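Observations on the model geometry
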Amino acid sequence: MNRFTHDIRVYWEDTDAGGIVFYANYLKFMERARTEWLRAMGVQQQLLRDETGGMFVVTDTQVRYQRPARLDDLLCVSAELKHMGQASITLSQQVVLAADPAYRLAEGTIRIGWVEAATLRPLRMPATLLGTLERHRAPSNA
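The present account deals with the structure reproduced in this document. (Residues numbered from 1 in each chain as written. Predicted model: local features only at pLDDT ≥ 70, side-chain atom pairs only at ≥ 80, totals over all residues. Heavy atoms only, no water.)

1. As for helix α1 (residues 25–40)
Since the α-helix advances by 3.6 residues per turn, residues separated by three or four positions end up pointing in the same direction. The terminal C-alpha atoms of α1, which comprises 16 residues, lie 23 Å apart, in line with the 22 Å expected from a rise of 1.5 Å per residue. Buried residues of α1: Asn 25, Tyr 26, Phe 29, Met 30, Ala 33, Arg 34, Thr 35, Trp 37 and Leu 38, and no others. (Helix = DSSP H or I, 4+ residues; strand = E, 2+ residues; numbered from the N terminus. Expected span 1.5 Å × (residues − 1). Buried < 20%, exposed > 50% of the residue type's maximum accessible area, 1.4 Å probe, protein only.)

Here is the structure:
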């Protein structure tokens, strides 16, 4: 599973007065896809936090908005691990129309770091988590 996808429907709460998805909601859609990506690998974030005292936090985002999504659209949001360090990972993410994957709405890169939950200080990820992530990293020539 190199590239993970998750479908999300656009609801009223996601749109502005014109019925177009509010720009910040694309970050929420990407967050949901990352969470489901981790679940698909068997990683439960609350359990991981309870067992290790660590958690993921977003440290950097870069998003390019290309076209608007609208009320009732079914979106397909992808997550693909591009880079992995000892304390952070970088993912490439895209939001497209599910009915037409060539119709790109937004794309970006998200860097998430592993921190101690109590202090928010950076930590090395647990070895088991690193191993799970390594098995799902995109090929370096991608």
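2. Here's the deal with a nonpolar patch on the surface
There is a patch of nonpolar side chains on the surface, built from Phe 22, Tyr 23, Leu 27 and Tyr 65 and spanning about 390 Å² of accessible area. Inspection of the secondary structure assignment puts Phe 22 in the loop between β1 (3–9) and α1. (Patch = residues over 30% accessible without salt bridge, like charges linked within 9 Å, V, L, I, M, F, W, Y side chains within 5 Å. Areas by Shrake-Rupley, 256 points an atom, 1.4 Å probe, with all protein chains shown as cover. Salt bridge = Lys/Arg side-chain N within 4 Å of Asp/Glu carboxyl O.)

3. Focus on the sheet that holds strand β3 (residues 74–84)
To summarise the sheet geometry, strands pair through backbone hydrogen bonds and adopt either a parallel or an antiparallel arrangement. Strand order across the open sheet formed by five strands is β1-β3-β4-β5-β2, with antiparallel pairing between neighbours. Only two strands of the sheet have a single neighbouring strand rather than two, namely β1 and β2 (54–65). Neighbour-to-neighbour, the strand axes of this sheet turn through a mean angle of 25°, independent of strand direction. Contacts from helix α2 (residues 45–52) reach β2 and β5 (100–116), with the element oriented near 140° to β2. (Pairing = 2+ DSSP bridges. Axes fitted to C-alpha atoms, helices over the stretch in contact; angles between N-to-C directions. Contact = heavy atoms within 4.5 Å.)

4. Re the pattern of salt bridges
Summed over all chains, the structure comprises six salt bridges. Taking the shortest distance from any N to any O, the salt bridge between Glu 36 and Arg 39 comes out at 3.2 Å. Of this pair, Glu 36 and Arg 39 both sit in helix α1, separated by three residues, roughly a single helical turn. On the accessibility criterion, Glu 36 (26% relative accessible area) is partly exposed. Through salt bridges that share partners, Arg 3, Glu 80 and Lys 82 make up one connected network.

5. Observations concerning the packing of aromatic side chains
In total, this model carries five aromatic pairs according to the counting rule given. For the pair Phe 22 and Tyr 23, a centre-to-centre distance of 4.8 Å together with 50° between the ring planes defines the contact as tilted. Given a relative accessible area of 39%, Phe 22 falls into the partly exposed group. By the ring-pair criterion, three or more aromatic residues cluster together here, those being Phe 22, Tyr 23, Tyr 26, Phe 29 and Tyr 65. The lysine or arginine in question, Arg 67, covers the ring of Tyr 103, its NZ or CZ lying 4.4 Å from the ring centre. (Phe/Tyr/Trp six-rings, centres within 6.5 Å; stacked < 30°, edge-to-face > 60°. Lys NZ or Arg CZ within 6 Å of the ring centre and 35° of its normal.)

6. Here we look at the nonpolar core
Judged by nonpolar contacts, the single largest core of 33 residues is most densely connected at Trp 37, Ile 89 and Leu 133. The element contributing the most residues to this core is α1, with six residues. Not counting residues up to four positions away in its chain, the partners in contact with Leu 133 are Trp 37, Leu 38, Met 41, Leu 81, Met 84, Ile 89 and Met 125. (Core = buried A, V, L, I, M, F, W, Y, C linked by side-chain atoms within 4.5 Å.)

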